[in-house]
Amino acid sequence: MLVVLDLVGIFVFGITGALVGVRKQLDVFGIQVLALVTGLGGGFLRDVLIGATPPAALADWRYLVVPVVAGLLTFFLHPGIGRLERLVNVFDAAGLALFCVTGARKALDSGLSPLSAALLGMISGIGGGVIRDVLSGRVPVVLRSEIYAIPAFLGAGIVVLADVAGFQATWPTFAGAVVCFLIRLIAIRRGWNAPLPRPS
Amino acid sequence: MLVVLDLVGIFVFGITGALVGVRKQLDVFGIQVLALVTGLGGGFLRDVLIGATPPAALADWRYLVVPVVAGLLTFFLHPGIGRLERLVNVFDAAGLALFCVTGARKALDSGLSPLSAALLGMISGIGGGVIRDVLSGRVPVVLRSEIYAIPAFLGAGIVVLADVAGFQATWPTFAGAVVCFLIRLIAIRRGWNAPLPRPS
Amino acid sequence: MLVVLDLVGIFVFGITGALVGVRKQLDVFGIQVLALVTGLGGGFLRDVLIGATPPAALADWRYLVVPVVAGLLTFFLHPGIGRLERLVNVFDAAGLALFCVTGARKALDSGLSPLSAALLGMISGIGGGVIRDVLSGRVPVVLRSEIYAIPAFLGAGIVVLADVAGFQATWPTFAGAVVCFLIRLIAIRRGWNAPLPRPS
């Protein structure tokens, strides 16, 4: 089940990368590269940090096919430029939700402490988007004035707490993903902003 | 002792990350993220490169609390915008000095050759700042026309040479950090610049 | 032989990094840093992803001397600014060709599947240039409208297929490098562009 969630996460993140590429008017290969790094970046980061090398994405061909398919679909079927940014945000929220829970799970399985597992879940969630934005010259969404890292940390935290409490893994995983996804979407819709530093 | 120096380095680097975030008018979470990646980035890079995974920062909760505290303190207590850049430079120099020596030590302990250990010390020193600047869209300080990588390499070199010469670790570590810190500060104060390529 | 190809690749990539540094009017140390990260970045990425840590570049002093020499030579002997970009492209193509084949070889030796090995070859090929461009604030060449990742993937693919077919390693390695290099150069010369997404 973890693999399925991982692949879905890679797919949606791959779509966001490709949409950003379309927005920047990159060619089909540049779009593919952005789809690949966005889809696989977070997982690479996660696996390298817990020492699970080579990363799953390099050991399993499905992990390579999925972002390529996501990139090609986006290249041919992408909507008008106007709706791109909103779509990026929705798919990005989905990827964030899926990766923060799978990342937390993988971290727990590899024996990290609860706090570390939650942080690693957050890192796997935000990693792909950060790489996508840095490569394409955007201010990383995680730094822009939006609730982004927090929902990922909460989603991962739910998985970790349920594990500490000895619950069976399935439902907490879904709960964590749903919570992260909804908070993130509501934050975007409502335009929730976190407090700014006092003017100086 | 190594852990203490490491934590102090993470703290000061975390402050620089948060100050840059304040400067960019990021919200409290964006500032936290910058504090985390700046504080932990160099160490992650170091531990991943020597294969010491999961990085100490993921295995020990203190490594996570320190940058968060640094970020919150900076968020609430940061000074006027005018003095920010100078403060960034001073704390950055301190983090550079601490990480280059702890990085060199850790590299030696993990059996790297002297030259490699000095380079890894330099990498751990400059890593956090590079990640901070790339994420926040600044030209990495290490590339700007300033003496930056050199003091880190010298500081790390002192630790390595003392180790090769069979000295006991404590004093060379402090000496390396002090030398790196002072050279860096003097370079900033005096506006030392390295030679530029011939105009062409 | 692999080591020699690797060192030549590091040398030419180091030159591209230094040339970009000259172009950006960085000082001698900034240029050295760019030469180092560009020359060693792809290999670090490759070795970290296959878990071969510490990377060869940290275990073998020659890997450190080569990019430094490349940087110094470039600093003193670089041509007029006008011809810089073309030179960057040519050396970059050579580095791309050498790293994609050595990366694929190393991946095969470490037991990765054929598809993964080809991808890792591509990653090692494009990694150094991506790091160089991100640090120096350029749009990564791999995202710009040029045939870049594809020749690297083809070059790596040739090495992988020859290995699958049971050929002896030497000639396919050269063939892969030559194919990648020529396709890349022709693509630049002819200004080949890949299809763009439909306007929207």
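The structure presented is a predicted model; accordingly, all values stated were derived computationally and were not measured.

Caption draft 1: Inspection of the relation of the copies chain C and chain A at higher detail. Mapping chain C onto chain A is achieved by rotating through 120 degrees and translating by 0.0 Å along the same axis, at an RMSD of 0.0 Å. One copy is carried onto the other by what is essentially a three-fold rotation axis. Comparing interface residues between copies, only 7% of those in chain C also lie at the interface in chain A; the contact surfaces differ.

Caption draft 2: Region of the structure containing the UniProt feature "domain: Glycine transporter" (unreviewed entry) in chain A. Summarizing the sequence annotation, UniProt attributes the feature "domain: Glycine transporter" (unreviewed entry) to residues 4-78 and 90-162 of chain A in the numbering used throughout. Structurally, residues 4-78 of chain A is divided into 83% helix and 0% strand, and its ends, taken at the C-alpha atoms, are 24 Å apart.

Caption draft 3: Broad picture of helix α6 (residues 114-135) of chain A. All names here are of chain A. In a regular helix each residue adds 1.5 Å, so 22 residues correspond to 32 Å; α6 covers 32 Å between its end C-alpha atoms and thus fits that length. Along α6, the sharpest change in direction is near 35 degrees and occurs at Ile126. The buried fraction of α6 amounts to 19 of the 22 residues, a majority that puts the element mostly inside the structure.

Caption draft 4: Structural context of the interface of chain C and chain A. Of the residues lining the interface, 29 residues belong to chain C; the matching set on chain A comes to 30 residues. Where chain C touches chain A, the interface holds 0 salt bridges. Seen at the junction of chain C and chain A, the total is 1 residue pair in polar contact (both at pLDDT 80 or more). Elements with a contribution of two residues or more to the side of chain C that touches chain A: α2 (28-49), α6 (114-135) and α7 (149-164) of chain C. It is α6 of chain C that contributes the most residues to the side of chain C that touches chain A, 8 residues altogether. Partitioning the side of chain C that touches chain A into residue classes produces 21 nonpolar, 5 polar and 3 charged.

About the cut-offs
Residues numbered from 1 in each chain as written. Chains lettered and ligands numbered in written order. Predicted model: local features only at pLDDT ≥ 70, side-chain atom pairs only at ≥ 80, totals over all residues. Heavy atoms only, no water. Least-squares fit on C-alpha atoms with pLDDT ≥ 70 in both. Contact = heavy atoms within 4.5 Å. UniProt positions renumbered as here; feature names shortened; annotations may be inferred. Helix = DSSP H or I, 4+ residues; strand = E, 2+ residues; numbered from the N terminus. Expected span 1.5 Å × (residues − 1). Bend = angle between axes of the 7 residues up to and from the residue. Buried < 20%, exposed > 50% of the residue type's maximum accessible area, 1.4 Å probe, protein only. Salt bridge = Lys/Arg side-chain N within 4 Å of Asp/Glu carboxyl O. Polar contact = N/O pair within 3.5 Å; in protein donor to acceptor, adjacent residues only side chain to side chain. Nonpolar A, V, L, I, M, F, W, Y, C, P; charged D, E, K, R; others polar.

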